[in-house]
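Here are the chains, one letter per residue:
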Amino acid sequence: MLRPALIAFLLATPAAADEIWVTNEKDDTISVIDIDTLEVTRTIPTGQRPRGITFSKDFSKLYVCASDSNAVEVIDPESGRVLHDLPSGEDPEQFALHPDDRHLYIANEDDAITTVVDTETRRVVAQIGVGVEPEGMAVSPDGRIAITTSETTNMAHWIDTETHELFANTLVDSRPRHAEFVRDGTELWVSAEIGGTITVFDVATQAEKGKIRFAIRGVHDDLIQPVGFRLSADGKTAFVALGPANHVAVVDTESYEVEEYILVGRRVWHLEFNGDKSLLFTTNGVSGDVTVIDVARREALKTIKVGRFPWGAAYRPTGS
Amino acid sequence: MRRFACLAAILCLAGPARAELAVNLAYLRIDVPAPPVLSNLDPVPGDLGLAGAEAGLADNRTTGRFLGQDYTLEAITLGAGTDPLPAARDALARSRFLVLDAPVATLQAIADLPEARDAILFNVSSGAETLRSEGCRANLFHTLPSDAMRADALMQFLTVRRWTDLALIAGTHERDLALAEALRVSATKFGLKLRGEKSWVFDADMRRNAAQEVPLFTQDLPAHDVLLIADETGDFSRYIPFNTWEPRPVAGSEGLRPVAWSRVVEQWGAAQLQSRFRKHAGRDMRPEDYAAWAAVRTIGEAVTRTGSTDPALLRNYILSPEFELAGFKGRPMSFRDWNGQMRQPIPLVQETAVVAMAPFEWFLHPQNDLDTLGLDRPESTCTRFKPES
């Protein structure tokens, strides 16, 4: 824990470099990593059990799912202070910010509901019934489709963002965790933790068009549990966090074949790039640290100690 | 938005408005009175097992809603004195999927009914070895771990810790004797030494006497690292810890317990299942609840993936490598095709936390290391389960 005087000093110092913000699920804090020095420069208290984390488009506001406080907290990134809470429904786990920069789509894990919140009026706009244990959330780049994945129902639920109604429900493998639109929104990728796969959907037809599978020598298949993933700047390569397999897979997004595996910390869940996507930061829950990967060389550079159970990560440019 | 409207129209036809598949399950329970126990602290819940089946049903229904599948569950409870077969026949007339909480002989008798021939039955109450071996039935699956699986989980842990010398105190009920036998067999399997055994035959009230009696009772046990206790009804075992002659940890039915499930399991997303169950039942989820939940979810998962309610087709799917059930214990669960037992990790728990999760990585297996727990293919003498083999 930082002493108050030290916090005051750090807060008074203008941020020197771009940052990666990491939620620590079992510490109720955010660790802020300076991308130049690769060190933690600030530790910011949050509500209980912080998980999903994302910035507004202009990076003036930070949204954090404080799951056990049943709220989304809006934090001023400069001061680290909580500005106010947003109504989020019970047990918010993950969310996605609509391209309009205004509406948050929130998965309420305990309630089988997706909540849509207007961050300006701070009101709930809609609640949509989905499968058991919703978790992954994504909004298409054109803003017309929102996706919720449900962990026990094993589906991706396709939500029309205009009517807030489901227009398709597609089965995926066991325990879907994370969803993302890729290739300018023409493909939807959904990772399945227990199934050990990523299912690729054609967005226009909602039909399955591919499946990514993983195999690491010396690691039992059951332990290969894909969760978070990110695509490189040119969109040709995907990096997939494989949970208790303690590796990040490097996947060719054309052939869906795995090119290699990078050893990182224990139980790796989510990933975030720096601004030019030359560095990749992974949250390693069990070892309580963040691995920094050199994207071009596909090598782990450094391990940075953060709080207990790091969960999500978000990039913040500081303009310097 | 036109495209969405069209899609919505198409999906409406196939969607929640019309149930394409109706899946009726029945839960049949024989209400066998539990033997008296010394303490009244932990009464057996009246809805033990059933509440788990109901929680599984709720999960199935939520999923079914999006696929035009409707699930129902009929609960039938019979007194111990009544003949269960007419009720079972009656239930089988309405449902091809039976979840059974009954003694071994009753499970076998129901499985042997001509009406049950092509049905899928789940044993959610008995860990008896015979049901997974010579006394198995082709239509009877088991979601509760066998006594051997629990014993092996514990012995693996003791091996890892190198606590190799054991002593055993066993109660006199049938289930105590069965667990004691499983512990003996498992100790041999893992090369541990069972140095001494005693049978618990006290009739004094241990709530007052434990501190005087138990030290003396355990004084003549040979030297041991761990004291095992087989007391499946929870009669006397709670009075053993801290009252032993030598300061020794206690394991088995008390102390460090190998179980299918416990309220202290919180990782691997388990916290969500726990809170769903607590909301539903108003109490913590127990092993029998978990077994019933897994049985109902197995049918749900198989119906969802195959789009069929044909029991023969579902049976094949459940036994195929494609079948996976996410059971909140960190890895996919499946069924052994030689005796219908559900493969599952076994948490070793104490009162307030999970101590460890079996199997342990040092115990290797050519196919699936979950099969280092319980009767592996060559060990089981079950020949009826897989007719073609």
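Placed above this text is the structure.
Residues numbered from 1 in each chain as written. Chains lettered and ligands numbered in written order. Predicted model: local features only at pLDDT ≥ 70, side-chain atom pairs only at ≥ 80, totals over all residues. Heavy atoms only, no water.

Student: So what exactly am I meant to see when it comes to the overall build of chain B here?
Tutor: Within chain B, the regular secondary structure consists of 10 helices and 15 strands. The globule rule puts the C-alpha radius of gyration for 389 residues at 21 Å, and the 22 Å found for chain B is close to it. Overall, chain B is about 80 × 45 × 45 Å in size when its C-alpha atoms are taken along their principal axes. Out of the 389 residues belonging to chain B, those deemed buried represent 56%. (Helix = DSSP H or I, 4+ residues; strand = E, 2+ residues; numbered from the N terminus. Rg over C-alpha atoms; globule rule 2.2 N^0.38 Å. Buried < 20%, exposed > 50% of the residue type's maximum accessible area, 1.4 Å probe, protein only.)

Student: I'm lost on the pairing of strand β2 (residues 69-79) of chain B in this one. Help?
Tutor: Residues and elements named next belong to chain B. With 11 bridges connecting them, strand β1 (residues 21-31) and β2 associate as parallel partners. By the bridge assignment for β2, leucine 21 is matched with glutamine 69. Note on the crossover from β1 through helix α2 (residues 50-65) to β2: the handedness is right-handed. (Pairing = 2+ DSSP bridges. Right-handed = clockwise from strand over helix to strand, strands pointing away.)

Student: When you look at the state of the cysteines in this model, what are you seeing that I'm missing?
Tutor: The bond known as a disulfide is covalent and runs between the sulfur atoms of two cysteines. All names here are of chain B. With the rule as written, the count across this model stands at 1 disulfide over all chains. The disulfide partner of cysteine 136 is cysteine 382, and the gap between their sulfur atoms is 2.0 Å. Torsion about the S-S bond of the cysteine 136 and cysteine 382 cystine: about 80°, corresponding to right-handed handedness. Of this pair, cysteine 136 sits in the loop between β4 (120-123) and β5 (140-142) while cysteine 382 sits in the segment after β15 (354-358), and the two are 246 residues apart along the sequence. The burial state of cysteine 136 is the same as that of cysteine 382; both residues are buried. (Disulfide = S-S within 2.5 Å.)

Student: I keep staring at the interface of chain B and chain A and nothing clicks. Help me out?
Tutor: In many analyses, interface size is given as the accessible surface area lost on bringing the parts together. On the side of chain A, 37 residues touch chain B, which itself brings 31 residues to the contact. For the pairing of chain B and chain A, the buried interface totals around 2,800 Å² over both sides, and the portion due to carbon and sulfur atoms is 52%. Where chain B meets chain A, there are 4 salt bridges. Linking lysine 279 of chain B and glutamate 90 of chain A is a salt bridge whose minimum nitrogen-to-oxygen distance equals 3.9 Å. Between chain B and chain A we count 10 residue pairs in polar contact (both at pLDDT 80 or more) in total. Among the elements of the structure, α1 (2-14), α2, α8 (270-281) and α9 (287-306) of chain B are those that each provide at least two residues to the side of chain B that touches chain A. Per-element accounting of the side of chain B that touches chain A gives the leading share, 5 residues, to α8 of chain B. Here the residues of the side of chain B that touches chain A sort into 11 nonpolar, 9 polar and 11 charged. (Contact = heavy atoms within 4.5 Å. Buried area = accessible area lost by both parts, 1.4 Å probe. Salt bridge = Lys/Arg side-chain N within 4 Å of Asp/Glu carboxyl O. Polar contact = N/O pair within 3.5 Å; in protein donor to acceptor, adjacent residues only side chain to side chain. Nonpolar A, V, L, I, M, F, W, Y, C, P; charged D, E, K, R; others polar.)

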